[in-house]
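This is what each chain is made of:
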Protein chains: 2
Amino acid sequence: MNSHHASFLADFASMSSNGATAGGGVDRQAATVADGQNRNWFRGLVEGHGFTVHYDQVGNQYSMLELSPGAPWIAVGSHLDSQPLGGRFDGAYGVLAGAHAAKRVQEMLAAAGGESNAKFNIVVINWFNEEGCRFKPSMMGSSVYTGKLSAAQVLKTTDPDGVSVREALESIGTIGDFDLPVSAYVEIHIEQGRSLEDRGLTIGLVESTWGANKYEFVVHGDQAHTGATIIADRQDALLGASALVVAAREIALEHSTEEHMVITSCGEFNVFPNSPVVVASRVNLLVDVRSTDPDVLAAADAALHARVAKIEKMANVKIVRGAEHVWGAKAYDQAGLKLAAEAAESLGLSHGVVRTLAGHDSTNMKDLVPTIMLFIPSVEGISHNERELTSDDDMVAGVDLLSEVLLRVVRGEFVA
Amino acid sequence: MNSHHASFLADFASMSSNGATAGGGVDRQAATVADGQNRNWFRGLVEGHGFTVHYDQVGNQYSMLELSPGAPWIAVGSHLDSQPLGGRFDGAYGVLAGAHAAKRVQEMLAAAGGESNAKFNIVVINWFNEEGCRFKPSMMGSSVYTGKLSAAQVLKTTDPDGVSVREALESIGTIGDFDLPVSAYVEIHIEQGRSLEDRGLTIGLVESTWGANKYEFVVHGDQAHTGATIIADRQDALLGASALVVAAREIALEHSTEEHMVITSCGEFNVFPNSPVVVASRVNLLVDVRSTDPDVLAAADAALHARVAKIEKMANVKIVRGAEHVWGAKAYDQAGLKLAAEAAESLGLSHGVVRTLAGHDSTNMKDLVPTIMLFIPSVEGISHNERELTSDDDMVAGVDLLSEVLLRVVRGEFVA
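Predicted, not measured: the structure shown is a model, and the values here were computed from it. (Residues numbered from 1 in each chain as written. Chains lettered and ligands numbered in written order. Predicted model: local features only at pLDDT ≥ 70, side-chain atom pairs only at ≥ 80, totals over all residues. Heavy atoms only, no water.)

A. Local environment of the sheet that holds strand β11 (residues 282-291) of chain A. Residue and element names in this part refer to chain A. Strand order across the open sheet formed by four strands is β9-β11-β7-β12, with antiparallel pairing between neighbours. Whereas interior strands pair on both sides, the edge strands pair on one side only; in this sheet they are β9 (262-272) and β12 (318-327). Here the strands of the sheet are splayed against their neighbours by 15 degrees on average, with no regard to which way each runs. Across ten bridges, strand β7 (residues 211-220) lies against β11 in antiparallel orientation. Bridging from a neighbouring strand, Phe217 pairs with Leu285 of β11. On the sheet, helix α9 (residues 294-315) packs against β7, β9, β11 and β12 and is oriented at approximately 5 degrees with respect to β7. (Pairing = 2+ DSSP bridges. Helix = DSSP H or I, 4+ residues; strand = E, 2+ residues; numbered from the N terminus. Axes fitted to C-alpha atoms, helices over the stretch in contact; angles between N-to-C directions. Contact = heavy atoms within 4.5 Å.)

B. Local environment of the interface of chain A and chain B. At the junction of the two partners, chain A supplies 60 residues and chain B supplies 60 residues. A buried area of about 5,200 Å², summed over both sides, lies between chain A and chain B, and 55% of it is on carbon and sulfur atoms. For chain A, the biggest contributors to the area lost against chain B are Ile231, Arg249 and Pro276 of chain A; these three give 13% of the whole. Joining chain A to chain B, the criterion identifies four salt bridges. Taken together, the connections running from chain A to chain B amount to 30 residue pairs in polar contact (both at pLDDT 80 or more). (Buried area = accessible area lost by both parts, 1.4 Å probe. Salt bridge = Lys/Arg side-chain N within 4 Å of Asp/Glu carboxyl O. Polar contact = N/O pair within 3.5 Å; in protein donor to acceptor, adjacent residues only side chain to side chain.)

C. Seen up close, the relation of the copies chain A and chain B. Placing chain A over chain B gives an RMSD of 0.1 Å and needs a rotation angle of 180 degrees, together with 0.0 Å of translation along the axis. On this basis, the relationship between the two copies can be described by a two-fold rotation axis. By C-alpha distance to the rotation axis, the residue of chain A lying nearest is Ser242 of chain A, at 2.2 Å. A symmetric contact is evident, with 100% of the interface residues of chain A recurring at the interface of chain B. (Least-squares fit on C-alpha atoms with pLDDT ≥ 70 in both.)

D. Summary view of the sheet that holds strand β2 (residues 61-65) of chain B. Residues and elements named next belong to chain B. Strand order across the open sheet formed by eight strands is β1-β2-β4-β3-β5-β14-β6-β13, with mixed pairing between neighbours. The open sheet terminates on both sides in strands that have one partner only, identified here as β1 (52-55) and β13 (351-356). Shown here is a sheet whose adjacent strand axes are inclined to one another by a mean of 30 degrees, direction ignored. Against the sheet, helix α3 (residues 92-111) contacts β2, β3 (73-78), β4 (121-126), β5 (185-190) and β14 (371-376), and its axis sits at roughly 165 degrees relative to β4. Sitting on the sheet, helix α12 (residues 392-410) touches β3, β4, β5, β6 (203-209) and β14, and the angle it makes with β14 is about 165 degrees.

Shown next, in the form of structure tokens:
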């Protein structure tokens, strides 16, 4: 193992102790004390390596490494926040890899005859609240950066305890007024699926995002006694919501084709008043439908809404669709895909084209600037779980590739 | 309206302001501050009328009216605790009616030539935690009194915040070491169903309880990313639990007959970790199956368990049955039914025989001593809801009947 690899793995182990859970994962939900600790830890690390650190109005953290004074900036990044009882790789790997790769680029340029070869400077961005568990929606920081959400709206968003984003960011002291345009964006992330592992590949070159329609549904019933109320008189919100969860799975199975998979999920489900002997008056739940193909997605989505109408009758409830968060299946930059493939070839790393099912900050950034998205494998595809795992070999291979890609981008081989 | 009726309605209105909610109901969950306030309010009321008040080791409140010194005691009662956002009639009506009826019996005896006609004294019991929402199981206080639960086990039972029954009772100061055997039990309660209203009756004479099998199920899945995890890899605890809720309803519809209804419910449903982008690792839920007939109940129960096995396969989860709380369909005392019918006749109150779907403290008491259970109508059968309603006329008719029944019991016409 070379010294770059050893240094990266040591820093990764150190970072993983911030917000560590007993089960080997981390709990660093956005703007919690643990997230604040980790942001400060990261700031200390990169300042020690000559970066300067700033925060913007929604807490995105910019660690800037100047290679060519006055030149425009390219960004590399991901997110340091985690799910509750999340894994230690998701997001955090990419931010730390970005910092190490930026430093390696600086060294490579110096070794090759000076930093004046750089046409760009590098900023490592730790996007605020990619996970969206404490504050909804997910990908919050990059959504503001790319103009998809307003900062004002985000700052007043509250968590379940009524704490606003502004209050939470102020409490951990990571909010400012910095602002920086960038010319391109590069991100590396764990796959969180198992296609790379199944195909025996080290590197995934992300070709496109899946389309996703994410909905908040509110099922309205009427509170009643579970013992004394006969079936005919019930308006059972829990029954309606449960039927919707079951219907979502059935739709995924019915609409998936050989070529285009449909994935449906329900990740949050809150029952009111949730007492043992009370028929529920209301359930709030999130349902999402994803597919690689827009037509397949549209058909599955229509089927979901048709089922909603049937469930309303069956359970004698009213189902209201609230907030939605929709993104289309979109391609990443083709030139970036080629550049990354050539960089992987030059390092002898096995690689293949993949699609990302999950949303990432690059999902937003690719709509603003030319963007390259890279994956490394997840063991058994396990993610959002304390048992999330990527091997040391795959992690350092990813940093090597990210360094090589960033070097090419900084030299002007991706954007001018 | 006579003065007895006016006095009862005034006291009922006063009591309903304790723990009142904006929606016209009450929130007086067991051993909360609001429950404590209401217990103290009731104590003050009855002490003003010559009762003496004591608490036993699990917070059951005994308001004693001595009619014949040294004579044995008969009990009348119900419960003052409520559901969260519950109605103001459920339980509370019966306790207050008991106190007013006891006082009326004392007056009637005096008018008829002195209290020495009494063969029994009367204790009004406010049973602790009939509702079972804050502390499980329901009917807690009467279960300890009748030996179905141990006091030690009950006292260490905790609410979702980790507060034990002992701590909660001590904090509201309604715990003691009183102990009193009783010879018979009488309870009046709102029906919480609509059979009396549908039949145009004022009084229900409860013939039997429904049998009920109440189960706690834990559905174990595996935490995963909702976006990145393909369907084949999921072990979705929320899907499994939802399918169980849907199956429970289907079983009720399939197993109900003309003669014997089956009712299934799920009243509590907790998802972990319940994050928007995480496939649930675990769901805890309560499912209950009730029927008037033991054989129909057994068949429905077997069908439920067969469905559990199928759901485990479908959702790729493990479903474990935890705590259970089972009671059989049992008859109330036939002589008591006859006594109550005659009392209703003597007052010119329309009446009919009913069964109780819900559990009541009398469900426990009838297994220990001869017990009479009376119902008055609930408008539209709505209960466990802030809109729960019983008319003033029905309430005071119920107090009249309860007084007449108690008079007969005290005179030795029910038990010797």
